[in-house]
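Given next are the chains, with one letter for each unit.
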Amino acid sequence: MMSSPPATPPTSFPSPGSQLHPATALDSLSVSSLFSGDLEDDGDGRVGDEEEGLGDLEVNPYDGLPFSSRYYSLLEERRQLPISKLKNSLLEHLENHSMVLLSAPSGVGKSTQVPQWCVEFALSYEFSQGLVCCSQPHSVAAASLALRVADEMDLSLGLEIGYRVPHDDSCTPDTLLRFVNDSLLLEEMMSDPLLRQYGILVLDELQERTLPTDVLLGLLCDVCHQRPNNLRVVLLTHPTLAPRLTAFLGPTVPLLTLDAPVQDLPAAGREEEGADGEERRATELGKVETLYREPPLGREPLVSACHMVLDLHRRGEEGDVMVFLASAQEIEECASLLEKESVALSPQLGPLRMLPLHAGLGAATQRVYEPEPEVSLSRETGSSKGFDGPVLGVGVKRRVILTNTLAEASFSLPDIRYVIDTGLQLKTVYNPQIRANSHVLQPISKHQADMRTQRVNSHLQGLCLRLYPQSQYEKGMGEAHSPGVVEENLSHLVLLLKRLDIADMGQCKFLDRPAPEALMQALEDLDYLAALDDDGNLSEVGIIMSELPLEPPLAKALIAACEYDCVDELLTIAAMLTAPPCFVTPAPDREEAAVSHRRPLMHTEGDHLTLIHLYKAFIEHNQDEAWCTTNFLNPAALRLAVVIRAELLEVMQRIELPVSPPAFGCQDNCTNVKRALISGFFLKVAHDVDGSGNYLLLTHRHVAHLHPFSSYLCRQPCPNLPTWVLYHDFTISHDNCIRTASEVHPQMLVELAPQYYLGNLPSSEGKDLLMELRQSLDSHAKEQEGLSEGNHSRENGGEESNRTGETRNQYSTELCVVQ
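Residues numbered from 1 in each chain as written. Predicted model: local features only at pLDDT ≥ 70, side-chain atom pairs only at ≥ 80, totals over all residues. Heavy atoms only, no water.

Asks: An account of the overall build of the protein is requested, with residue identities and associated values reported.
Replies: Each helix and strand counted, the protein has 30 helices and 21 strands in total. Buried positions account for 50% of the 819 residues belonging to the protein. Just so you have it, the protein exposes about 37200 Å², and 50% of that area is on carbon and sulfur atoms. (Helix = DSSP H or I, 4+ residues; strand = E, 2+ residues; numbered from the N terminus. Buried < 20%, exposed > 50% of the residue type's maximum accessible area, 1.4 Å probe, protein only. Areas by Shrake-Rupley, 256 points an atom, 1.4 Å probe, with all protein chains shown as cover.)

Asks: If you had to explain the pattern of salt bridges to someone new, which residues and values would you point to?
Replies: In the structure shown here, the tally under the stated rule is 29 salt bridges. Put simply, K87 and E120 hold a salt bridge, and the shortest N to O gap is 3.3 Å. Taken together, the residues span a long stretch of sequence, with K87 in helix α5 (residues 87–96) and E120 in helix α6 (residues 110–124) at a distance of 33 residues. By the burial criterion, K87 is buried, and E120 matches it. Here R353 ties to E370 by a salt bridge, and the two come within 3.4 Å at their closest N and O atoms. Highlighted residues: R353 in strand β11 (residues 352–357) and E370 in the loop between β11 and α14 (377–384), separated in sequence by 17 residues. (Salt bridge = Lys/Arg side-chain N within 4 Å of Asp/Glu carboxyl O.)

Asks: Quick one: what's the story with the pairing of strand β10 (residues 320–324), residue by residue and with numbers?
Replies: Most of β10 is tucked away, with 5 of its 5 residues classed as buried. Here β10 shows no split at all, with D320, M322 and F324 on one side and V321 and V323 on the other all buried. In the sheet, β10 pairs with strand β12 (residues 398–403) via 4 bridges, with the strands oriented parallel. In the sheet register, V323 faces β12, and the bridge partner there is L402. (Pairing = 2+ DSSP bridges.)

Asks: With reference to specific residues and values, describe the nonpolar core.
Replies: If you look at the biggest cluster of nonpolar residues, it comprises 114 residues, and the most contacted ones within it are L201, V215, L235, L249 and L570. Those residues within four positions of L249 in sequence are excluded, and the remaining contacts are M99, L101, L217, C221 and L235. Residues V108, A142, Y163 and V234 belong to the second largest nonpolar core, which totals 38 residues. (Core = buried A, V, L, I, M, F, W, Y, C linked by side-chain atoms within 4.5 Å. Contact = heavy atoms within 4.5 Å.)

Asks: I'd like to hear about the packing of helix α20 (residues 552–564) against helix α26 (residues 667–681), residue by residue, with values.
Replies: Where α20 contacts α26, the axes come no closer than 7 Å and their chain directions differ by 140°. By the angle between their axes, α20 is oblique relative to α26. The handedness of the crossing between α20 and α26 is right-handed. Here α20 contributes P553, L554, K556, A557, A560, A561 and Y564 to the contact with α26, which in turn contributes N672, R675, A676, L677, S679, G680 and F681. Residue classes in the contact of α20 with α26 are distributed as 9 nonpolar, 3 polar and 2 charged. (Axes fitted to C-alpha atoms, helices over the stretch in contact; angles between N-to-C directions. Parallel < 35°, antiparallel > 145°, perpendicular 65-115°, else oblique. Left-handed = near helix turned anticlockwise from the far one by under 90°. Nonpolar A, V, L, I, M, F, W, Y, C, P; charged D, E, K, R; others polar.)

Asks: Can you lay out the sheet that holds strand β7 (residues 232–237) for me, pointing to particular residues and giving the numbers?
Replies: Strand order in this open sheet of 8 strands is β4-β3-β5-β2-β6-β7-β1-β8, and the pairing throughout is mixed. Pairing within the sheet leaves two strands with one partner each, and these edge strands are β4 (168–169) and β8 (255–257). Bridge count between strand β6 (residues 198–203) and β7: 4 bridges; the pairing is parallel. Paired with L203 across the strands is L235, a residue of β7. In this fold helix α7 (residues 139–152) packs onto β2 (131–136), β3 (161–165) and β5 (177–181), with an angle of close to 175° to the strand it touches most, β3.

Asks: Outline helix α23 (residues 607–620), listing residues and values.
Replies: A rise of 1.5 Å per residue sets the reference length of α23, with its 14 residues, at 20 Å; its end C-alpha atoms lie 20 Å apart and thus fit the reference within 8%. Across the 14 residues that make up α23, a large majority, 10, are buried. Listed in full, the buried residues belonging to α23 are D607, H608, L609, T610, L611, I612, L614, Y615, A617 and F618. (Expected span 1.5 Å × (residues − 1).)

Asks: Describe the packing of aromatic side chains, listing the residues and the values that go with them.
Replies: How two aromatic rings sit relative to each other is set out by the distance from centre to centre and by the angle between their planes. In this structure the tally under the stated criterion is 7 aromatic pairs. Look at Y71 and Y72: their rings are 5.3 Å apart centre to centre, the planes differ by 80°, and that puts the pair in the edge-to-face class. The exposure class of Y72 is partly exposed, given its relative accessible area of 26%. For the ring pair Y369 and F411, a centre distance of 6.2 Å and an interplane angle of 20° mean the geometry is stacked. Taken together, the residues span a long stretch of sequence, with Y369 in the loop between β11 and α14 and F411 in the loop between β12 and β13 (416–421) at a distance of 42 residues. According to the relative accessible area criterion, Y369 is partly exposed, its value standing at 39%. The class for F411 is buried, based on a relative accessible area of 6%. One Lys or Arg, K446, reaches over the ring of Y473 and ends 5.9 Å from the middle of that ring. (Phe/Tyr/Trp six-rings, centres within 6.5 Å; stacked < 30°, edge-to-face > 60°. Lys NZ or Arg CZ within 6 Å of the ring centre and 35° of its normal.)

Asks: Quick rundown of the sheet that holds β13? Include the residues and the values.
Replies: Strand order in this open sheet of 6 strands is β9-β16-β13-β10-β12-β11, and the pairing throughout is parallel. Each edge of the sheet is formed by a strand with only one pairing partner; in this case those strands are β9 (289–292) and β11. Each strand axis lies, on average, 20° off the axis of its neighbour in the sheet, ignoring direction. Against the sheet, helix α12 (residues 301–315) engages β10, β11, β12, β13 and β16 (463–466), with an angle of about 155° to β13. This element, helix α15 (residues 446–453), spans β9, β10, β13 and β16 of the sheet and lies at about 145° to β16.

Asks: Residue-level account of unusual backbone geometry, with values.
Replies: In this structure, D154 is a non-glycine residue whose phi angle is positive, near 60°. Examined against the element boundaries, D154 turns out to sit in the loop between α7 and β3. Here the phi dihedral of R209 falls at roughly 55°; this positive angle occurs in a residue that is not glycine. Checked against the element boundaries, R209 lands in the loop between β6 and α9 (211–226). For R209, a relative accessible area of 5% puts it in the buried group.

Asks: So what about the packing of helix α21 (residues 567–578) against helix α25 (residues 635–654)? Which residues, and what values?
Replies: Viewed as axis vectors pointing N to C, α21 and α25 meet at an angle of 130°, and their least axial separation amounts to 8 Å. The orientation of α21 relative to α25 falls into the category oblique. Seen along the crossing, α21 lies across α25 with a hand that is right-handed. Contacts between α21 and α25 involve V567, D568, L571, T572, A574, A575, M576 and T578 from the first element and L638, A641, I644, R645, L648, L649 and M652 from the second. For the contact of α21 with α25, the class distribution of residues is 11 nonpolar, 2 polar and 2 charged.

Asks: So what about a negative patch on the surface? Which residues, and what values?
Replies: Taken together, D527, D533, D534 and D535 make up a surface patch of like negative charges. Tracing the backbone through its elements, the reader meets D533 in the loop between α18 (516–528) and α19 (540–547). What makes D533 partly exposed here is its relative accessible area of 30%. (Patch = residues over 30% accessible without salt bridge, like charges linked within 9 Å, V, L, I, M, F, W, Y side chains within 5 Å. Lys, Arg positive; Asp, Glu negative; His and termini not counted. Charge placed at Lys NZ, Arg CZ, Asp CG, Glu CD.)

These figures come from the coordinates and say nothing about function on their own.
Structure below.
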């Protein structure tokens, strides 16, 4: 956190504290000095005559340390980036406007350069809130950008430059420039609605249209009005979305454009003149050729892409290949297939280096930036024999980047000459009517196809191979892909906006408004979870739920665990369900081995308690990666679960929720864990309709099956399938499996969620059974009550009889005395 400003700020912006930038060169700069380019034009690092002594020392103005030699080499590269043309214009507009929109294609340097310019601007204006925050839709992109920018600015990652993504925070209170995931920036607004700790906010990759970025865009329009003098917002987008954003933001927001494709921009570092220079320029800027190749009938696009990579490699021409596939699973399958096929290639062709690139890799995505190995001997030998240009047998080393939608705008890579585009993407779309996700394999949009073509980044003639017919591009693709606000579950968003005192979703500006039925379903779900009061505002339970970084049902289950004294167990379950799946999908010939190794870790009470077993075993084995490999488990997912659990425990302690001691193992604890889960997931219950594993989901009459690796199907001897199960996830796909299922007793459903199961649940055989059970319980309760009253009456009658007998005896005695 920055120190407080002095009493009389020199401009409309607050001035910085003395501890933030001691003796920095930028403290005395004006914006005009930045516009003039003095900082970069003086090769010796001077900043005017007054700073001559400092310039001679070549001091970094941000940390006071001398610049390294690498800084100057990177600085020369930065000056040649196409986006550098817009630097002065951006700084001028930031001086007079609270929000600026910048439109530029991918690969021109906007994601790395604009945040650095914003740091210069913030410090030149002497912000006390000098923090600059850049949001990214993808966590791996945020971490990668922070690493690159720290290198370019000659600063330390984790000190002056940092990143903050889910479950990984490298920032300190004095971090000048932060790269954050858009969902975390949105969550920050719960505790700081005006984001007062930031002076400049950069929203990058708006064309991705993620749900948090779209919401941030609307909210920041209002924040700019409330902080007109000490907040600046820079919006970065691909040109495809610029017209819509301009209409949405209005004429008061200036637009800066760099709309020329990357291939048509001046090549970096080229200074040749005359006929020779023009000829070289024509070669270097040769337009990317786009070819359409429809795969043979019956051949999967993945296989066709592999064959295309091998064909390109056999040609022996230089240049790396980027392949766009539909999903992370296809990426891994394609990498395995290429590894297998490349063994049969002639060694003289040179090695193929397969590099997967998708969000699930985490920090491993940085491998795409690792330098190439040394040039092979075979190539040197071939060149010495007088071969003219690249021909077969010279040993061309080639990288093959296997990626999905992640690399459409993020991770700009050099030397990409060939792009192979399958034209498909696997999307997860939420259906509010059935409260379930669907995995949908669908064509990409025209904008995405164009962005993939622009990934070509080579001084040689480029080639984009589209594995679909041209008619599909022209007539079968939409202009732009659907935004997240119309495809995702809105329950968590509604909970967040309620926390921000936005009672009506109509108060929030959306580039595309969510469907009314999706909003109604989200409000209904929150009401079932007791997160809303009678007026539609957040209840006390809802406020606590908004503090927990979990999906609403899981947050409610964790809160209910406080009542049932099973918080320790629910923390583990919540962490394991939030982390990526810990089970590694084995090869078909290894499935039986995987089940055999996992069987001792399975719990008899179901999959939720199996997760606790796995977590405890992982801790007991000191988080050993070899143990995970032996048992077909993902060590990265389990390590992340450890981090998530610690974060959740810290939140619960901060908001002073009771944390019960561990009691895992006893039957009462297992029952209490299920009671807590039902409190949050009572909408996710299924009933076996015929005793053979055909489970009817009570909320929407879909029939599903247990996942093949469920503990109920893998234990030996195989137990009877449960009649009623509570599950965590159901996705409509080719197998329609319910994942992470545990047996529950229907009596618990009636007791813990009677409002839903006896009132709002759609008619079905399951509801009839629950109604009969409730009537049976009511009848039993009445019988017990009648029996209790009868016993009470008999007790009273016996006392009265005793009293009557005593009276009679007394009367008889008196009569005898009289006689």
